[in-house]
Amino acid sequence: MKFKESILGIFIILLVSVIVIPPPSPLLDFLLMFNILISMVILLDALYSKEPLDMALFPTIILITTLFRVVLNLSSARLILGKGYAGEVIATFGQFVAGGNLVVGMIIFIIMVLVNFLVITKGSERVAEVTARFTLDAMPGKQMAIDADLNSGLIDEEEAKARRKKIQDESSFYGAMDGASKFVKGDAISSIIITIINLIGGITLGVMGQGLSINEAAKTYSLLTVGDGLVGQIPALLISVATGIIVTKATSETEITSTLIKQLFNEPIALYIGGATLLLFGLVTPMPTIIFVPAGLIVLYLAVMLSKKNKIIAIEEEIVTDDEDVDSIRKPENVISLLNVDPILLICGYGLIPLVDSNQGGDLLDRVVMIRRQIVMELGAIVPVIRIRDDIK
């Protein structure tokens, strides 16, 4: 086994070891920084991947990052409760992000947990469940389509094998995502529990063990606890967003940024209405005019430019279509298609039209269909489609 193939196993063993051996605060600062970094990388990878199977190991990634965050929570809780200090990262999050205010920090933490748990994780879990069900139900039809293309010669054996493997990978991926979303849900619940334990335990240890007053203990341990909760919830929120992007992503051969801009700003009428609404808010309502009016004018200008661009594109497409039609007509081999030669053609005179016209009681078409079906069943021979045409001559 090569060393790079054993890195993941070594990393997981080290994570488990951290539970037993408490890391020093500088090492914990580095691990917290690395947790934020890896969460941002995962989110961007999920955002810019062409299709979900580009990150086929995403369920495993969710499990490993969840374990990583749990280990960091345990390590930081041990330092907070044991020493009243858990490194510069947690202290900075408590002082800077929370503004040094316990109420503000707790409100921010609760909002992040609720958004993560009730909005993103709940929705991702439902989407993954439904997608896994539909993907599994569609497998027989996709397999039959591949077999039909292979039998008709449209694809070769190698391409058929690749398509079958992709179908199996999709089924396994969405099935695993259905279960992996539970990891994110459980991580959000555990963050709340750990934060409450740290808050109550820190105040209790500060009062009983260090002789601090309730206010001093609450100020010391609560800010550390809030900082610990925030530094853990930001990566958790990023991973949850990445999970939602993966399970809701449709296959696209183009970059997601260009596709998103094209789909959002493809209709000038939407920009016209949006710009006019901003202007109306800025001129009629007490909204700040200096913000709404310039923004409305900019949106209307973009709508005008988009309308001109769409007209140019429509004219260019029409010119290209006309050129393609002219080129196809100029090709000599296309003249053959104008002959419209049918394998079997039945020409009926004017007096025989009642035999064909169903409005006049004619059943010749039904008889022809029945005869063709009878020949197939009895002789195994397929008679070509019989074209019936009337001729006044």
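Heads up: the structure comes first, above all this text.
First things first, this report covers the structure right here in the doc. Keep in mind the model is a prediction, meaning the values are calculated, not measured.

Attention now moves to the overall build of the protein. The number of helices and strands found in the protein is 12 helices and two strands. Residues counted as buried form 31% of the 393 residues belonging to the protein. Element-wise, carbon and sulfur atoms account for 69% of the exposed surface of the protein, whose accessible area totals about 24600 Å².

The subject of this paragraph is the side chain of Asp-29. Position of Asp-29 relative to the elements: it lies in helix α2 (residues 25–48). Under the relative-accessibility criterion, Asp-29 is labelled buried at 15%. Excluding residues that lie within four positions of it along the chain, Asp-29 makes contacts with Ala-86, Gly-87, Glu-88 and Val-89.

Structurally, Asp-147 is set in helix α5 (residues 102–152). Asp-147 gets classed as partly exposed once you look at its relative accessible area, which sits at 31%.

This part covers the pattern of salt bridges. Scanning the model with the defined rule gives two salt bridges in all. For Glu-159, the salt bridge identified is with Arg-163, shortest N-O distance 3.1 Å. In this pair, Glu-159 and Arg-163 are both assigned in helix α6 (residues 157–208), four residues apart and thus about one turn of the helix distant. On the basis of relative accessible area, Glu-159 is assigned to the partly exposed category, the value being 34%. Look at Arg-163 and you get partly exposed, because its relative accessible area is 32%. Across the pair Arg-367 and Asp-363 runs a salt bridge whose closest N-O atoms are separated by 3.2 Å.

Another point: the environment of Val-20. With respect to the helices and strands, Val-20 occurs in helix α1 (residues 7–20). In the structure, Val-20 is positioned 55 residues away from Ser-75 in sequence and 9.3 Å away in space, judged by C-alpha atoms.

Next up on the list: the nonpolar core. Residues Leu-28, Leu-32, Leu-72, Ile-90, Leu-230 and Val-231 are the most contacted members of the largest nonpolar core, which totals 23 residues. Ranked by residue count, the leading element in this core is helix α7 (residues 214–248), at six residues. With residues near it in sequence (within four places) discarded, Leu-32 still touches Leu-72, Val-89, Ile-90 and Val-231. Counting residues in hydrophobic clusters, the runner-up holds 20 residues, among them Leu-43, Ile-62, Ala-132 and Ala-180.

All right, on to the packing of α1 against helix α3 (residues 58–83) then. Between α1 and α3, the shortest axis-to-axis distance is 9 Å and the interhelical angle comes to 25 degrees. By the criterion of interaxial angle, the relationship of α1 to α3 is roughly parallel. In the packing of α1 onto α3, the handedness of the crossing is left-handed. Contacts between α1 and α3 involve Leu-8, Phe-11, Ile-12, Leu-15, Val-18, Ile-19 and Val-20 from the first element and Ile-64, Leu-67, Phe-68, Val-71, Leu-74, Ser-75 and Arg-78 from the second.

Moving on: helix α12 (residues 364–379). For α12, which comprises 16 residues, the first-to-last C-alpha distance of 22 Å matches the rise-based estimate of 22 Å (1.5 Å per residue) to within 8%. Remark: Gly-380 follows α12 within two positions and exhibits a positive phi of approximately 75 degrees.

The rules behind the values
Residues numbered from 1 in each chain as written. Predicted model: local features only at pLDDT ≥ 70, side-chain atom pairs only at ≥ 80, totals over all residues. Heavy atoms only, no water. Helix = DSSP H or I, 4+ residues; strand = E, 2+ residues; numbered from the N terminus. Buried < 20%, exposed > 50% of the residue type's maximum accessible area, 1.4 Å probe, protein only. Areas by Shrake-Rupley, 256 points an atom, 1.4 Å probe, with all protein chains shown as cover. Contact = heavy atoms within 4.5 Å. Salt bridge = Lys/Arg side-chain N within 4 Å of Asp/Glu carboxyl O. Core = buried A, V, L, I, M, F, W, Y, C linked by side-chain atoms within 4.5 Å. Axes fitted to C-alpha atoms, helices over the stretch in contact; angles between N-to-C directions. Parallel < 35°, antiparallel > 145°, perpendicular 65-115°, else oblique. Left-handed = near helix turned anticlockwise from the far one by under 90°. Expected span 1.5 Å × (residues − 1).

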